[in-house]
There are 4 protein chains.
Amino acid sequence: MKNRIDLKNFNIRTDLVIDNEIQENNVKKKKINDNIQITTINVSDELSQELKRKPGNYITIEFTDVTNHEDKIEIENCLEQELRNLLKMKKISDDDSCLILGLGNRLSTADSLGPITLDKILVTRHLFVLKTQVKEGIRNVAALSPGVMANTGIETYDIITSLVKKITPNFLIVIDSLASSTIDRINRTIQITDTGIHPGSGIGNNRQEISMDTIGIPVIAIGVPTVVESSIIVSDTIDYIFKHLSYIKQHYDAHKLIVGPRNSKKYLDNIQSLNLSENEKKEISGILGTLDEEKKKELIYEVLNSIDYNLIVTPKEIDFLIDKLSEVISNAINKSLHNAVK
Amino acid sequence: MKNRIDLKNFNIRTDLVIDNEIQENNVKKKKINDNIQITTINVSDELSQELKRKPGNYITIEFTDVTNHEDKIEIENCLEQELRNLLKMKKISDDDSCLILGLGNRLSTADSLGPITLDKILVTRHLFVLKTQVKEGIRNVAALSPGVMANTGIETYDIITSLVKKITPNFLIVIDSLASSTIDRINRTIQITDTGIHPGSGIGNNRQEISMDTIGIPVIAIGVPTVVESSIIVSDTIDYIFKHLSYIKQHYDAHKLIVGPRNSKKYLDNIQSLNLSENEKKEISGILGTLDEEKKKELIYEVLNSIDYNLIVTPKEIDFLIDKLSEVISNAINKSLHNAVK
Amino acid sequence: MKNRIDLKNFNIRTDLVIDNEIQENNVKKKKINDNIQITTINVSDELSQELKRKPGNYITIEFTDVTNHEDKIEIENCLEQELRNLLKMKKISDDDSCLILGLGNRLSTADSLGPITLDKILVTRHLFVLKTQVKEGIRNVAALSPGVMANTGIETYDIITSLVKKITPNFLIVIDSLASSTIDRINRTIQITDTGIHPGSGIGNNRQEISMDTIGIPVIAIGVPTVVESSIIVSDTIDYIFKHLSYIKQHYDAHKLIVGPRNSKKYLDNIQSLNLSENEKKEISGILGTLDEEKKKELIYEVLNSIDYNLIVTPKEIDFLIDKLSEVISNAINKSLHNAVK
Amino acid sequence: MKNRIDLKNFNIRTDLVIDNEIQENNVKKKKINDNIQITTINVSDELSQELKRKPGNYITIEFTDVTNHEDKIEIENCLEQELRNLLKMKKISDDDSCLILGLGNRLSTADSLGPITLDKILVTRHLFVLKTQVKEGIRNVAALSPGVMANTGIETYDIITSLVKKITPNFLIVIDSLASSTIDRINRTIQITDTGIHPGSGIGNNRQEISMDTIGIPVIAIGVPTVVESSIIVSDTIDYIFKHLSYIKQHYDAHKLIVGPRNSKKYLDNIQSLNLSENEKKEISGILGTLDEEKKKELIYEVLNSIDYNLIVTPKEIDFLIDKLSEVISNAINKSLHNAVK
């Protein structure tokens, strides 16, 4: 009963972000405007062990609303710049050829970001192969949407590595939809890393990783969390309720739990920084409040899965969001790869 | 910040089901098999006041999984039969002409059930108008997808009533995506009623109702809840957690909150019927447990809206579900309207 | 056997262009660049009788390739300007409300220009109805895709007129795919007229016309020929063969019918202006050459229809062309209707 | 100017049919009903040289209308049976694994047959890899849509051969849209061969062939001609005009070229078998009539290309035809490959 949509199901990669609290000197935050912020984390070899994440660069562009026209242009510029930086850091030259992979399932809107973005990518490799005169400032770029294992019967890893062996690109860019691990990131972050990705979790072995380690060329991954498990929605919301109740107690009458409209931005900043004592939590929510984070999540997960209601969901506006996000990502890639594209 | 997708937003009609506890003699439950059940409620004029719902028939076909091939055929048969019954009850004869309306937005997957179903409807009115020889057992049927106000600028009610006045059908069938008011109904119920619908909530006045009362002909509404507010996911899950914890206390050690896998069906039946005392609730979840249902919902709604995270979401498999649901509904309509269609 | 695709067939409106030779003082030609040209014809009441076309303005924007980026922008500017001119001529003020109709069938690529264009139209009427504060320079605009009779069972004329009566716009814009009456216009012209259109030819009576005469408000029609009958391809090609052979005879050896590559533009201008004598035609093509234009067309039409090969066809690139053409038309409409849109 | 749609253009494979007149003992014709016929040609090694086609089996299923429900089921049965026969002839056992390739461009309706058919293919290879218990009568099947070179920058041949090397299937099935070489075959034939295909003609070298010779495993190609060059429409029509005029001369008055409606089927059989003398042709169509077949085609091709009007076209109903054809082909493949599928 768990996997109700067997044949068309999509494998889920969770998001690329590092949430762990790490020392501030490894994190750079850059505020573009009220709605857009970039966080850059460089995970050193030592830090890597501590965080249990691969060493490398993790960049997150956070934004409030990609459907806002002015913000959309700004997000695009940010992504272009971050990609240019990464290319430089990885010592990729203008003559190096690129293979771009759009992972995911075109027929499933929430999982279609990769293929849809690829439709708008400027592809040029065939011009180089055909020895056509190619304009100055145009790079050798190929692209493939390998599909998902449920539809191809083939591990995505196998399709990619056999093709890489054949056409020998100098580096890879991989675009993918991801599962969010918090409610505040869904369709509101673009995540970039040079540490590679795991395109399918079906079989669950290590060789599936696509990274410099496994295929010997730089791999830049671009991901957007487009779906989230219901259990995460519940877990995150209960945390916010704790903080909300605590906030109310401090600022208002304890018994007046619901108050009028608030300035959401300020309120949000306020309650996000609240830390509750164990006693406070217990008072507010009994046994629930006494569970540590891990246990609480496990409980919610178990309850929802037992009754088969732990749906993986996506915002109902997903069609329009995929449309805008694919424009942002394809434009930023086209501009950062080809100097001739403005 | 609330309405982030202004232009393409879709109006949401909540589901048509009656949840209130009502006397058993007004409710008929019919179990088709382990996965499918039909509930029929006739709301009399007296009952109407009590329930605050319009008098009429409310039929709900509940199922576990419409993508299961055998169940899909069974659901289709159930819907066909329920539609035939309603036609008979409303005294609609084989010669009466029908206008079918597919509400919603074709470009937004979760809201596209109406238009997509209409693509598969057998339309015949033009053959009658053209005085073509029409086969025995074929009814006069027209169909329209009026779109959504965000895309047309026109109230759906106005498009429908002006057309009804022009082509004067004998009865209407309206197909629509709905917002679920509980997590267990999303994409798992087809709801039918003869009490009419409110196609748009934008302006919020009464004349928008499409029903026998307002347009003078019978209106049969067919709806499927395809989306749900995050706050409902949270609220429903917290209820299940209460019940789960209480169940655990009764059956196991109170401190061992998480237990092994359970037979979900039996467990589900068990915990759904649990009723917790106030004291139990408080012990389990502190202040949260002391709130009555209404207050708890209000609190969750307020917290999520304050931080703009009360997303309306849809299961990630929605593309495949709409595909199957539109087949079920169109086939059932085609067969129940035209005796010549097998 | 004629109508092989009965249910989904689309009604075909032929193009809006005037081909008849008319006096030069009624025709204005304006060359924008080597690839784009605008022809404006004003048909006076007297001329109307002679040409058997309704009196009014007929504007044709001809272009070589809408997928060329620079030309696309230019075509858009031309269309915007022509629409502004027509609005002024029809004395339509900035406060007048508009209803835009996208005719055709979204599910049939070659007939989808109307609905696809509408997806990109800025719709605002609901803001005015809701008494929202609307930005300066924004007009009251509504939009509807009424579908095609094969899918709705309803005459498009009936849907439109009943809606016009209800929401009382000050003028209409109608967008439609057309059938070309010559091979050189397919996807290479945008045609604009203020004389109205006939949205469906199914029943073939006069009341179907949508125009100032029938509904009492100005009607601006925008059409692009996207399909052509095979018989027209053949007929036009035979004409070009006549001219080609004649050209060859004059410029080369009569027996060397096939010559090397030519500068197509110059050659095209040359042979399009050729007029063959009856004798020349007969020598070149025997009995075929002796038929007058009308008879020849009738013969080809009859032969192809007898064997059911008179397919209505569209260029294989139609998906990409509809995409670009819908952008051009929607952008031009949005800018010409709303002064605030740049 | 020739390639107006550069980036999205699709490579065209011409159809697989053998038209040359060959000895009757190599050709088997089987009439299924009035609307469906199967032609099977076995080209021996000797015959191969004469016909300039690779030795092997060429099977053509001809039909009048795939949108006719009864005929559609019959065509599906025919294709299933022909595929079963080929599997047996190639000594492919029930345990042999298959890779199915859907060539063409999903975004271009007329070229989308391969990818759209693949959406409906039962894929099972991952179940075998995951060592899931697989039902009796289910074969190991993988599937890939490699896209087109204009969108990937990669020769389709390279994608296919590198993947074949990696996952080592026992045989291939390749599905593709084709260009018709006569007007009577467009969307009215399914062509099957075991001689392999040339997936891209862009570079034009031999190594692009996908066949037993180049990759060492059996290759079954299934193709449907969905497009045709305008010059072929003209050329074929002129032939039919010759025959029509000759027919008229024999049966009616020579000067009455156009006659009333005819029983198209009988008439078609009649005129298709007509052979005109050189004198007749000259009388009917002057110089045009004196050209041999090859010269005539060359002339038409040259005239249309000179003026850039040699469009490659597809019937306007192509969306609905691709829908039906993809159902027929996917159903027939699923049934012939898996004994458990009925």
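Caption draft 1: Representation of the overall build of chain A in the model. Counting secondary structure elements, chain A contains 12 helices and nine strands. Each of the 342 residues in chain A was classed as buried or not, and the buried ones make up 60%. Accessible surface for chain A amounts to roughly 14400 Å². Of this, 46% is attributable to carbon and sulfur atoms.

Caption draft 2: Molecular detail of the pairing of strand S8 (residues 219-229) of chain A. Residue and element names in this part refer to chain A. With 10 of 11 residues buried, S8 is to be regarded as a mostly interior element. Note: strand S6 (residues 171-180) against S8, nine bridges, orientation parallel. Paired with Val174 across the two strands is Ala221, which belongs to S8. Examined bridge by bridge, strand S7 (residues 189-193) and S8 share three bridges and lie antiparallel to one another. Along S8, the bridge assignment pairs Ile192 with Ile222.

Caption draft 3: Helix H2 (residues 69-89) of chain B, seen in detail. Residue and element names in this part refer to chain B. Here H2 contains 21 residues, and its C-alpha end-to-end distance of 31 Å stays within 8% of the 30 Å for a straight helix at 1.5 Å per residue. Considered for burial, the residues of H2 that qualify are Asp71, Lys72, Ile75, Glu76, Cys78, Leu79, Glu80, Glu82, Leu83, Leu86 and Leu87. Positive backbone phi, at 60 degrees, marks Lys91, one or two positions downstream of H2.

Caption draft 4: Quick peek at the pattern of salt bridges. A complete count under the given rule lists 44 salt bridges over all chains for this structure. Here Glu76 of chain A makes a salt bridge to Lys335 of chain A, at a shortest N to O gap of 3.1 Å. Highlighted residues: Glu76 of chain A in helix H2 (residues 69-89) and Lys335 of chain A in helix H12 (residues 318-337), separated in sequence by 259 residues. One exposure class covers both Glu76 of chain A and Lys335 of chain A, and it is buried. A salt bridge links Asp94 of chain D to Arg139 of chain D, with the nearest nitrogen and oxygen atoms 3.9 Å apart. One end of the pair, Asp94 of chain D, is in the loop between helix H2 (69-89) and strand S4 (98-102); the other, Arg139 of chain D, is in the loop between helix H4 (125-129) and strand S5 (141-144), with 45 residues separating them in the sequence. Since its relative accessible area comes to 2%, Arg139 of chain D is described here as buried.

Caption draft 5: Quick peek at the confidence of the model for chain A. Residue and element names in this part refer to chain A. When the pLDDT values of chain A are averaged, the result is 84; 80% of them are 70 or greater. Low pLDDT (under 50) marks residues 1-11, which in the prediction has 37 contacts with non-local residues, meaning those over four places away or in another chain. Our summary of model confidence lists the complex with pTM equal to 0.90 and ipTM equal to 0.87.

Caption draft 6: Broad picture of helix H6 (residues 156-167) of chain A. Under the 1.5 Å per step criterion, the end-to-end length of H6 of chain A is 17 Å for 12 residues, consistent within 8% with the ideal 16 Å. For H6 of chain A, the complete set of buried residues consists of Thr156, Tyr157, Asp158, Ile159, Ile160, Thr161, Ser162, Leu163, Val164 and Ile167 of chain A.

Caption draft 7: Focus on a positive patch on the surface. A cluster of like positive charges, contributed by Lys165 and Lys166 of chain A together with Lys165 and Lys166 of chain D, occupies part of the molecular surface. If you list the elements that add at least two residues to the positive patch, you get H6 of chain A together with helix H6 (156-167) of chain D. With respect to the helices, strands and loops of the structure, Lys166 of chain A is situated in helix H6.

Caption draft 8: Structural view of the side chain of Ser177 of chain B. Examined against the element boundaries, Ser177 of chain B turns out to sit in strand S6 (residues 171-180). Engagement of the side chain of Ser177 of chain B in a polar contact is seen with the backbone oxygen of Ala110 of chain B, the distance being 3.5 Å.

Caption draft 9: A look at the packing of helix H2 (residues 69-89) of chain C against helix H12 (residues 318-337) of chain C. Residue and element names in this part refer to chain C. With their axes 8 Å apart at the nearest point, H2 and H12 run at an angle of 40 degrees to one another. As judged from the angle between their axes, H2 and H12 are oblique. Crossing geometry of H2 relative to H12 is assigned as right-handed. Contacts from Lys72, Ile75, Glu76, Asn77, Leu79, Glu80, Leu83, Arg84 and Leu87 of H2 reach H12 at Lys324, Glu327, Val328, Ile329, Asn331, Ala332, Ile333, Lys335, Ser336 and Leu337. By residue class, the composition of the contact of H2 with H12 is nine nonpolar, three polar and seven charged.

Caption draft 10: Inspection of the side chain of Thr124 of chain C at higher detail. Residues and elements named next belong to chain C. Locating Thr124 in the fold gives a position in the loop between helix H3 (113-118) and helix H4 (125-129). Among the residues examined, Thr124 registers a relative accessible area of 2% and is labelled buried. Only 2.4 Å separates the side chain of Thr124 from the backbone oxygen of Arg139, close enough to count as a polar contact. If we ignore the near neighbours within four places in the chain, the residues touching Thr124 are Ile138, Arg139, Asn140, Val141 and His338.

Caption draft 11: Region of the structure containing the environment of Thr14 of chain A. Residues and elements named next belong to chain A. Along the chain, the position of Thr14 falls in the segment before strand S1 (27-33). Classification of Thr14 by relative accessible area gives exposed; the value is 53%. Taking the C-alpha atoms as reference points, Thr14 and Asp319, separated by 305 residues in sequence, lie 20 Å from one another. Contact partners of Thr14, with chain neighbours within four places excluded, come to Leu178 and Ala179.

Caption draft 12: Spotlight on the pairing of strand S5 (residues 141-144) of chain B. Residues and elements named next belong to chain B. Neither face of S5 is left uncovered, since the one carrying Val141 and Ala143 and the one carrying Ala142 and Leu144 both have all their residues buried. With four bridges connecting them, strand S4 (residues 98-102) and S5 associate as parallel partners. Each residue of the ladder has a partner; that of Cys98, found in S5, is Val141.

Caption draft 13: View of unusual backbone geometry. Residues and elements named next belong to chain D. In this structure, Lys91 takes a positive phi of about 55 degrees despite not being glycine. On the basis of relative accessible area, Lys91 is assigned to the exposed category, the value being 72%. Its identity as a non-glycine residue notwithstanding, Thr168 has a phi of 40 degrees, on the positive side.

Caption draft 14: How the structure looks around the environment of Asp158 of chain B. Residue and element names in this part refer to chain B. With respect to the helices and strands, Asp158 occurs in helix H6 (residues 156-167). The class of Asp158 is buried, set by a relative accessible area of 7%. Residues Asp158 and Pro146, 12 residues apart in the sequence, show an inter-C-alpha distance of 9.8 Å.

Caption draft 15: Structural view of the environment of Asn339 of chain C. Residue and element names in this part refer to chain C. Take Asn339: it is sitting in the segment after H12. Separated by 203 residues in sequence, Asn339 and Glu136 place their C-alpha atoms 8.3 Å apart. Contacts of Asn339, omitting those with residues within four sequence positions, involve Arg84, Asp94 and Gly137. At a separation of 3.4 Å, a polar atom in the side chain of Asn339 contacts the side chain of Arg84.

Here is what the cut-offs are and how they apply
- Residues numbered from 1 in each chain as written.
- Chains lettered and ligands numbered in written order.
- Predicted model: local features only at pLDDT ≥ 70, side-chain atom pairs only at ≥ 80, totals over all residues.
- Heavy atoms only, no water.
- Helix = DSSP H or I, 4+ residues; strand = E, 2+ residues; numbered from the N terminus.
- Buried < 20%, exposed > 50% of the residue type's maximum accessible area, 1.4 Å probe, protein only.
- Areas by Shrake-Rupley, 256 points an atom, 1.4 Å probe, with all protein chains shown as cover.
- Pairing = 2+ DSSP bridges.
- Expected span 1.5 Å × (residues − 1).
- Salt bridge = Lys/Arg side-chain N within 4 Å of Asp/Glu carboxyl O.
- pLDDT = per-residue confidence, 0-100.
- Contact = heavy atoms within 4.5 Å.
- Patch = residues over 30% accessible without salt bridge, like charges linked within 9 Å, V, L, I, M, F, W, Y side chains within 5 Å.
- Lys, Arg positive; Asp, Glu negative; His and termini not counted.
- Charge placed at Lys NZ, Arg CZ, Asp CG, Glu CD.
- Polar contact = N/O pair within 3.5 Å; in protein donor to acceptor, adjacent residues only side chain to side chain.
- Axes fitted to C-alpha atoms, helices over the stretch in contact; angles between N-to-C directions.
- Parallel < 35°, antiparallel > 145°, perpendicular 65-115°, else oblique.
- Left-handed = near helix turned anticlockwise from the far one by under 90°.
- Nonpolar A, V, L, I, M, F, W, Y, C, P; charged D, E, K, R; others polar.

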